[in-house]
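Coordinate inspection notes
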Amino acid sequence: MTRAIAFAAVLMAGVLLSGCGLQPMYAGGGNGTVARGLAGVQVAAIEGRAGWLVRNALTDKLSASGNTAPRYRLDVRLDDKLESFGLLSDDTVSRERRTLRARYQLVDLASDSIVLDATAGSDAGIDVISSDYATVAAEQTALENLAKDIAERIVTNVAIQLRKDPAQPR
């Protein structure tokens, strides 16, 4: 009896949600509105090692939908900080925090107007140990992971904006 009630509840929820207008973000796959819009975004050069990592991650995610003529330019400025904060009794650092923040603008190339102006950020904790090599490797790995995370956040925000943009070709 409880299975029948649970099935009826799931069925009712499905009926109610189908009428609310929710649609998958990437409906239509590679030929969908969002995928075509993302393929038309070119990423401007970004300064520094963090910029190189973020730009590569953005390019990978944006060009996965194919190559089309650029309609938008994505300008990104990064702020990469590495802070020490856990001090031991002998005044050595035991913990670091790497913070990567991005301010980005999506610019329509035809009108040179800013379509989206937003920020994204992420941080990671790093244990500082007696091996300098291991600490530097941990800092670099944290930067690589943060760059991927920032790129994912930016692409998601851009996709949402392109889905809302009425000028986007259908």
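These lines cover the structure that appears in this document, whether it is placed above or below. (Residues numbered from 1 in each chain as written. Predicted model: local features only at pLDDT ≥ 70, side-chain atom pairs only at ≥ 80, totals over all residues. Heavy atoms only, no water.)

**Describing helix 3 (residues 48-62)**
Along an α-helix, residues three or four apart share an orientation, since each turn contains 3.6 residues. Formally: Helix and strand assignments follow DSSP, with helices taken as H or I runs no shorter than four residues and strands as E runs no shorter than two, numbered in order from the N terminus. Take the residue count of a helix, subtract one, and multiply by 1.5 Å to get its expected span. Relative accessibility under 20% of the residue-type maximum defines a buried residue, over 50% an exposed one, and the middle range a partly exposed one, all with a 1.4 Å probe and only protein chains included. This arc is built from the directions going out from the helix axis to the C-beta atoms.
For helix 3, which comprises 15 residues, the first-to-last C-alpha distance of 21 Å matches the rise-based estimate of 21 Å (1.5 Å per residue) to within 8%. Within the span of helix 3, buried status applies to Ala50, Gly51, Leu53, Val54, Ala57, Leu58 and Leu62. The buried residues of helix 3 occupy one face: seen down the axis, they fall within an arc of 165°. In helix 3, the exposed residues that point more than 90 degrees away from the buried face are Trp52 and Asp60.

**Regarding the nonpolar core**
Let me state the cut-off plainly: The criterion is simple. A nonpolar core is a set of buried Ala, Val, Leu, Ile, Met, Phe, Trp, Tyr and Cys residues joined through side-chain atoms within 4.5 Å. Throughout, a contact is declared for two residues whenever any of their heavy atoms are within 4.5 Å.
Formed by 31 residues in total, the largest nonpolar core has its most connected members in Leu58, Leu74, Ile154 and Val158. Elements with a contribution of two residues or more to this core: helix 2 (33-39), strand 1 (41-43), helix 3, strand 2 (72-87), strand 3 (93-108), strand 4 (113-127) and helix 4 (132-164). The element best represented in this core is helix 4, accounting for ten residues. In contact with leucine 58, not counting residues within four places along its chain, are Val43, Ile46, Leu74, Val76, Ala151, Ile154 and Val155.

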